[in-house]
Each structure stands twice: as C-alpha cells, then as structure tokens.
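Here's the letter readout for the chains.
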Amino acid sequence: MTEKKRNRVLAFCRFAIVYVLLFVCAGNITNSMLLKWGFRDDQKGDFATSYSLVGMMNGEAPKPYVYRSSFPRAAKWVAERLGQEKQEKLFKSIKRHDSLHNAYFTSVPNEYWTPIVALVYHLTYIAIVLSTLFALLLVYKLARLHGLNFGQSVGFLAAFGFIYPLTFQQGGYYYDFFELLGVLGACYFLLKKRMLACTLMVSIFSLNKETFFLVPLALFFLHERDVPVLKRVGWLVLQLVICVATRHFIMSGYDENAGGFVEFHVWDNLKFWLNPLSYLSFYNLIGKGIFTPSLENPLMLVPLAVFFGSAWRATPHRYRIYFFAAFLPVLMLFFFFGYRDEARNFSIVFPAIVLIALHGANRFNLIFDGNPGASDDIRTNTGPRPDVAVVTEAAR
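Just so it is clear, the structure is predicted and the values come from calculations on it, not from any experiment.

1. Focus on the environment of Asn28
Piece 1. Topologically, Asn28 is positioned in helix H1 (residues 3-37).
Piece 2. In this structure, the C-alpha to C-alpha distance between Asn28 and Glu111, residues 83 residues apart in sequence, is 31 Å.
Piece 3. When neighbours within four sequence positions are excluded, Asn28 is seen to be in contact with Gly161, Phe162 and Pro165.
Piece 4. A distance of 3.0 Å separates a polar atom in the side chain of Asn28 from the backbone oxygen of Gly161.

Written out as structure tokens, the structure is:
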C-alpha cells in the first residue's frame, strides 16, 4: 500500500471512529434523559395547560416554562402547514410503528395524541438528537483546537458523553439540549474569531430561553488580549441588543398564563444543601436498577475536585475569568430559582468547564496515577508481566 492510500485509509478510520462515537454518546445522553423524564408529560391536573410539550406547543403552559416554547410552537406551525392529507399519512406511519411513543411519550393521554401533536413530538425529538450530535462534535473540535491528539480528543469526547447525562439526574427538559448547542457554538466560533457566526448562534438560541443574554456577557471576557476593547464592546452591545429583542419576543403574550415570572426555591435549596444525607445520594437516571452517584457525592466530587484543581492551574488566565463571568451570575440565579442539585441549570457554564477540563485531559494519568514520573504519552509495555508483579499490584 502506498503512503497516499495508507493516509486515506487512516483518515477514513478517524472519521469512522468519531462518527460512531458521536452517535453512541448522543444515544446514551438522549436516551438516559428521555427515558427518565420524557417531555414532562406526567403532569397532574389540566394536561393542556401544564408544562408538558402539549402545553408548550399551544402556548398555554405556566410561566416561566412557556417562555421556552419557541421551538415546539414553531414545530406546530410547520406541522399545520403540511395539510390534513399529509398529516394523516404521516400519523398513520407513526402509529404503525409508534416506537418513540412507546418509549418516550407514553404519558401523553390518548385524547391528545392527534396528528399535529404526534408530529410536533417527533420533530422535537429529531431536533434534540441533532442538537446533541452537533454539541458533541463541538466538544471534539474544541479538544482538537486546544492541541489534544486524536486519541486524547476521542477519549475526552467519550468522557463528556458519560458525565453529561448525570446533570439530568434531578430533572431535564427538551430545551436544555438546544441551550447546550447554543452556548458551545457561540464559544467555539468566538475562539475561532468568527464573530458573525458567534453572533448568529446568539441570535438563534436566545429564542430558546430567556436567560441566554448571560452568554454574551460571559463571552466578553473570552476574547484574546490583542482584540481592541472597543471592538469587544461593539460585539457585546450588538449581541445584547439582539438578546433583549428576542427576550421580549418570547416573553410576550402570556400575561394570562398561570405561574409567575420566576419560581423561588430558596428554602428547598437550603434544606437540601444543609442536609448531610444529600451528599450521599444516588439516582437511577442511566437505567432501572443502575444507581449512579450524584455530582455532590464523594464518589464524584472528590475525583472531580482533584482533576479540576490540577486542570485549573494549567488553564490560561482569560479562561479562568470567562469561567467566573459565566459561573457567578448563574450561581446567584440557581440559589434563588434553581432546585436542589439540578446541575443542568449550569449549562451556560459548560463551555467554560470544558475549556478548563481540556487542560487536564492530556495529563489525566499524571493527575491520578500518583507517580510523578507518570505520563499519558508513555508507551505500553507489551511484554508479559511476571506473576509476582501482578499479584503484588493486586494486593495493593
């Protein structure tokens, strides 16, 4: 095989590995969350005015959830434009298989399972999967952008795919996936100095959630030093103006809806975080009978603290400032309006966390091996190890 053909084969192998891993990780993330929480259709009381996807697509969900109903309302508009004949044809096809309905939409009352509703649910599911795939691709591209080799980047992507679902252990909503894609995309394009693309991401995804204006505020501190302050301010003002306009748009017309502008959970949060037993909690998000520790459980908290402590010391100053600019406002909002340990509420901070983690990913073995001479680049000894050495290590 010539060198040219060999390079082509290796390039295809790299593509295949990333492609397969993206779909495996996306399947793990979406399936874990949707099997546990679905589209929040297990609502008591009046289903039509609950924060189920039906309530969201009709604009009748309570505040503040209805402010995040842009996509299902847009999906409903698309479904209605198909015409009754096309709707019925697609509905028959859906009912013939109904695999998604049986897996994720089982809580929807039969009287509400109409052609329009079925189409909106399926369109939303497709959008969730695509958002997750592109968000994972951005994580991989960020890893490559920061100098990680192919193997390290693939490993980092897999680790993200395993850890990220744990942020949904206390709750999750369809719009969390859209928000993740938006914040990662805006961060990635800013780092690539493609500010028009970054602003486009802000424009689109600010329609998803009313708190997205915090993203450009944090991104202001991510610019490199050689970017003039006036230019930074100009992009920030433009993006904030867009966010203000989109925020007004998605929050208008719901004065008669139930609920309030925000939901306060201060006392619930204090009771939870001051209770020592909260730090020993387990959840079964990944699967029935598969109990994984909460993020505040020592099984997760201690390794994460050690890893991020080491990664933090290797992180550039502007990344640290970006982290605080994203984290502190969300922390304040979370204390008053978040609920217990719903880590998904920190999705605006996830790009900053990824950037910090990237500075520890290439030293993972060095961090946890405990051997100062350990390195992630050390070649594996392919020779058989003596039985005495194996037994001694096992005894340790």
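2. Examining the confidence of the model for the chain
Piece 1. This prediction gives the chain a mean pLDDT of 89; 93% of its residues lie at or above 70.
Piece 2. Every residue in residues 378-385 scores below 50 in pLDDT, and together they form three contacts with partners more than four places removed in sequence or on other chains.
Piece 3. For residues 387-396, every residue scores under 50 in pLDDT, and the model assigns this stretch two contacts once sequence neighbours within four places are set aside.

3. Concerning the side chain of Arg232
Piece 1. Looking at where Arg232 falls in the secondary structure, it is placed in helix H11 (residues 229-251).
Piece 2. Among buried Asp, Glu, Lys and Arg side chains, Arg232 stands out as unpaired, with Asp226 the closest opposite charge at 6.6 Å.
Piece 3. Apart from the residues within four sequence positions on either side, Arg232 is in contact with Phe220, His223, Glu224, Arg225 and Val227.

4. Structural notes on a nonpolar patch on the surface
Piece 1. Together, Phe12, Phe15, Tyr19, Val20, Phe23 and Val24 make up a nonpolar patch on the protein surface, roughly 650 Å² of accessible area in all.
Piece 2. Inspection of the secondary structure puts Phe15 in helix H1.

5. Focus: the pairing of strand S2 (residues 290-293)
Piece 1. In this sheet, S2 lies alongside strand S1 (residues 282-287) in antiparallel orientation, the contact comprising three bridges. Pairing of Phe282 across the sheet is with Pro293, part of S2.

6. Comments concerning helix H4 (residues 84-97)
Piece 1. Along its 14 residues, H4 runs 20 Å from first to last C-alpha, staying within 8% of the 20 Å computed at 1.5 Å per residue.
Piece 2. Buried residues of H4: Gln87, Phe91 and Ile94, and no others. The buried side chains of H4 occupy one side of the element, clustering within an arc of 60 degrees when seen end-on. Exposed residues on H4 whose side chains face more than 90 degrees from its buried face are Glu85, Lys89, Lys92, Arg96 and His97.
Piece 3. The inward-facing, buried residues of H4 contact helix H3 (70-80) and helix H6 (115-145).
Piece 4. Downstream of H4 by one or two residues, Asp98 has phi in the positive range, about 55 degrees.

Calculation criteria
- Residues numbered from 1 in each chain as written.
- Predicted model: local features only at pLDDT ≥ 70, side-chain atom pairs only at ≥ 80, totals over all residues.
- Heavy atoms only, no water.
- Helix = DSSP H or I, 4+ residues; strand = E, 2+ residues; numbered from the N terminus.
- Contact = heavy atoms within 4.5 Å.
- Polar contact = N/O pair within 3.5 Å; in protein donor to acceptor, adjacent residues only side chain to side chain.
- pLDDT = per-residue confidence, 0-100.
- Buried < 20%, exposed > 50% of the residue type's maximum accessible area, 1.4 Å probe, protein only.
- Lys, Arg positive; Asp, Glu negative; His and termini not counted.
- Salt bridge = Lys/Arg side-chain N within 4 Å of Asp/Glu carboxyl O.
- Patch = residues over 30% accessible without salt bridge, like charges linked within 9 Å, V, L, I, M, F, W, Y side chains within 5 Å.
- Areas by Shrake-Rupley, 256 points an atom, 1.4 Å probe, with all protein chains shown as cover.
- Pairing = 2+ DSSP bridges.
- Expected span 1.5 Å × (residues − 1).
- Arc of directions from axis to C-beta.

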